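Residue-level structural notes
Each chain, written out:
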Amino acid sequence: MPSSRVAVLGIGLMGRHMARHIAKADFPVTVWNRTPQKAEALSAETGIRVAMDAADAVRDSDIVICMVTNAAAVEHILFDLGVAEAMPQGAVFVDMSSIPPKTEKEHAARLERQGVRHLDAPVSGGTRGAEEAGLAIMVGGDRQAFLEAMPVLSAMGQPTRVGPDGSGQLAKLCNQAILSVSIGGLSEAMLLASAGGADPAAVRDALRGGFAESRVLQEHGQRILERNWMPGGQVRNILKDLNAVIEAATDCGLTLPFVTLARSMFQALYDRDIAGHDHTALLLELEHRNPPHRVGEQPDRAPE
């Protein structure tokens, strides 16, 4: 049995699958969630213990996985709920949330002063990737800490170290830049096909295997045809990430016009209270701007 004891903080759409896969890889796992009911759903599963508070969850852990919504939540867990103080000396805190690179570097420095090592390891692949242990995991931080965490990370997907602290988050921002612009292009193409009289489903099939082929065309294209806006990645979260992309670009002296446009489109959705939909619902903003055109006749499937 692997020797590392693992804590997973944040048992949401992603975290619950991640905890299960770590436990299935024979690591002893302790889970904690701000809303206890979500964590308690895992209490009957082999190898998983539920902790009532975050500090208790990490007290004997060698590796702590954190998967929460934003930077404020990570900071609250680490420094307000006592996680940083409760972690054993030499333990590795692995932040798999998506937060700004600058913030991640600050957390790494604060943890180092307390004798705790740090990796930032955001993911791509969504809930499906989490469920299938097929996540792309982009890791920043110390090489030795990465090697020690590798067996745990590999239980969830494919980890790749991309540089020092903050680099994992920078790689995730690159992913979100590509994703947002790609969803925008896909949505415009499907709307154009429909408005011009072609069958959008047939157009998607015709594009498969050509230079436009991608997981975005495959998976998000199918979502658009089904008008399935159940998340997945939510509009509010990709907007958060795109704000971070633009901030990082500004720090580097860059202007990113395509990302800036995509961000404005997602902001428009958010401002119309379409925040919990899957980010593929960007199509709804295009349809809002182009009445009466619509892709397909099916009703929208959307969160309440």
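In this report, the structure presented in the accompanying data block is examined. From a predicted model like this one, the values you see are computed outputs, not experimental measurements. (Residues numbered from 1 in each chain as written. Predicted model: local features only at pLDDT ≥ 70, side-chain atom pairs only at ≥ 80, totals over all residues. Heavy atoms only, no water.)

All right, on to the overall build of the protein then. Looking only at helices and strands, the protein features 14 helices and nine strands. Here the protein has a C-alpha radius of gyration of 20 Å; the compact-globule value for 304 residues is 19 Å, and the two agree. Looking at the 304 residues of the protein, the share that counts as buried comes to 49%. At a minimum sequence separation of 6, the contacts of the protein that also span at least 24 residues come to 65%. As displayed, the protein offers around 14,200 Å² of accessible surface, 53% of which is attributable to carbon and sulfur atoms. If the 29 positive side-chain charges of the protein are averaged to one point and the 37 negative ones to another, these points end up 1 Å apart. (Helix = DSSP H or I, 4+ residues; strand = E, 2+ residues; numbered from the N terminus. Rg over C-alpha atoms; globule rule 2.2 N^0.38 Å. Buried < 20%, exposed > 50% of the residue type's maximum accessible area, 1.4 Å probe, protein only. Contact = heavy atoms within 4.5 Å. Areas by Shrake-Rupley, 256 points an atom, 1.4 Å probe, with all protein chains shown as cover. Lys, Arg positive; Asp, Glu negative; His and termini not counted. Charge placed at Lys NZ, Arg CZ, Asp CG, Glu CD.)

Right, let's get into empty space enclosed by the protein. A complete count under the given rule lists two cavities of 30 Å³ or more for this structure. One number sums up the size of the largest cavity: a volume of about 50 Å³. As for the largest cavity, its lining consists of Trp 32, Asn 33, Pro 36, Ala 39, Glu 40, Val 50, Ala 51 and Met 52. Looking at which element gives the most residues to the lining of the largest cavity, the answer is helix α2 (residues 36-40), with three residues. In this structure, the second largest cavity encloses a volume near 30 Å³. What lines the second largest cavity is Ser 98, Ile 99, Pro 100, Gln 169, Leu 173, Lys 240, Asp 241 and Ala 244. Here the lining of the second largest cavity gets three residues from one element, more than from any other, and that element is helix α12 (residues 235-251). (1 Å grid on protein atoms, 1.4 Å probe; cavity = no way out; pocket = protein on both sides within 12 Å on 5 of 7 lines; lining within 4 Å. Points joined across faces, edges and corners; volume = space filled by probe spheres on them.)

Next up on the list: the pairing of strand β4 (residues 63-66). Alternating residues of β4 divide into Ile 63 and Ile 65 and Val 64 and Cys 66, and every residue in both groups is buried. Judged from the four bridges that link them, strand β1 (residues 6-9) and β4 form a sheet pairing that is parallel. Within β4, the residue paired with Leu 9 across the bridge is Cys 66. Judged from the four bridges that link them, β4 and strand β5 (residues 92-95) form a sheet pairing that is parallel. Its bridge partner being in β5, Ile 65 is matched across the sheet by Val 94. (Pairing = 2+ DSSP bridges.)

What follows covers the nonpolar core. The biggest cluster of nonpolar side chains holds 33 residues, and the ones touching the most others in it are Ile 65, Met 96 and Leu 153. Within the residue set of this core, elements represented by two or more residues are β1, α1 (15-24), β2 (29-32), β4, β5, β8 (135-141) and α8 (143-154). Considering each element in turn, this core owes the most residues, five residues, to α8. When sequence neighbours within four positions are dropped, the list of residues in contact with Ile 65 reads Val 6, Ala 7, Val 8, Leu 9, Met 18, Ile 22, Val 94, Met 96, Val 152, Leu 153 and Met 156. Ranked by size, the runner-up nonpolar core spans 30 residues in total, among them Ile 183, Val 216, Ile 224 and Leu 282. (Core = buried A, V, L, I, M, F, W, Y, C linked by side-chain atoms within 4.5 Å.)

Right, let's get into helix α14 (residues 282-289). Each α-helix winds once per 3.6 residues, and so residues spaced three or four apart point in a common direction. The buried count for α14 comes to six of eight residues, which makes it a mostly enclosed element. Within α14, the full set of buried residues consists of Leu 282, Leu 283, Leu 284, Glu 285, Leu 286 and Glu 287.

What follows covers the packing of aromatic side chains. Across all of its chains, the model carries zero aromatic pairs by this definition. One Lys or Arg, Arg 110, reaches over the ring of Phe 79 and ends 3.6 Å from the middle of that ring. (Phe/Tyr/Trp six-rings, centres within 6.5 Å; stacked < 30°, edge-to-face > 60°. Lys NZ or Arg CZ within 6 Å of the ring centre and 35° of its normal.)

This next bit is on the pattern of salt bridges. Going through the model one piece at a time under the given rule, you end up with 19 salt bridges. We note a salt bridge from Arg 117 to Glu 148, for which the minimum N-O separation is 2.6 Å. One end of the pair, Arg 117, is in strand β6 (residues 117-120); the other, Glu 148, is in helix α8, with 31 residues separating them in the sequence. Residue classification places Glu 148 among the partly exposed residues on the basis of a relative accessible area of 35%. One salt bridge connects Arg 289 with Glu 285, and the closest N-O pair in it is separated by 2.8 Å. (Salt bridge = Lys/Arg side-chain N within 4 Å of Asp/Glu carboxyl O.)

Right, let's talk about the pairing of β2 for a bit. Taking every second residue as pointing to the same face, both faces of β2 are buried, with Val 29 and Val 31 on one and Thr 30 and Trp 32 on the other. As paired strands, β1 and β2 are joined by four bridges and run parallel to one another. Looking at β2, one finds that Ala 7 is bridged to Thr 30. Note that the unit made of β1, α1 and β2 has a crossover that is right-handed. Taken together, the three bridges between β2 and strand β3 (residues 48-50) define a ladder with parallel strand orientation. Of the residues in β3, the one forming a bridge with Val 29 is Ile 48. (Right-handed = clockwise from strand over helix to strand, strands pointing away.)

By the burial criterion, the buried members of helix α4 (residues 71-80) are Ala 71, Val 74, Ile 77, Leu 78 and Phe 79. Down the axis of α4, the smallest arc covering the buried residues is 165°, so these residues share one side. Opposite the packed face of α4, turned more than 90 degrees from it, sit the exposed residues Ala 72 and Asp 80. On the buried face of α4, the contacting elements are β1, β2, β4, α5 (83-86), β5 and α6 (101-113). Structurally, the start of α4 carries an N-cap: the backbone nitrogen of Ala 72 is 3.3 Å from a side-chain oxygen of Asn 70. (Arc of directions from axis to C-beta. Polar contact = N/O pair within 3.5 Å; in protein donor to acceptor, adjacent residues only side chain to side chain.)

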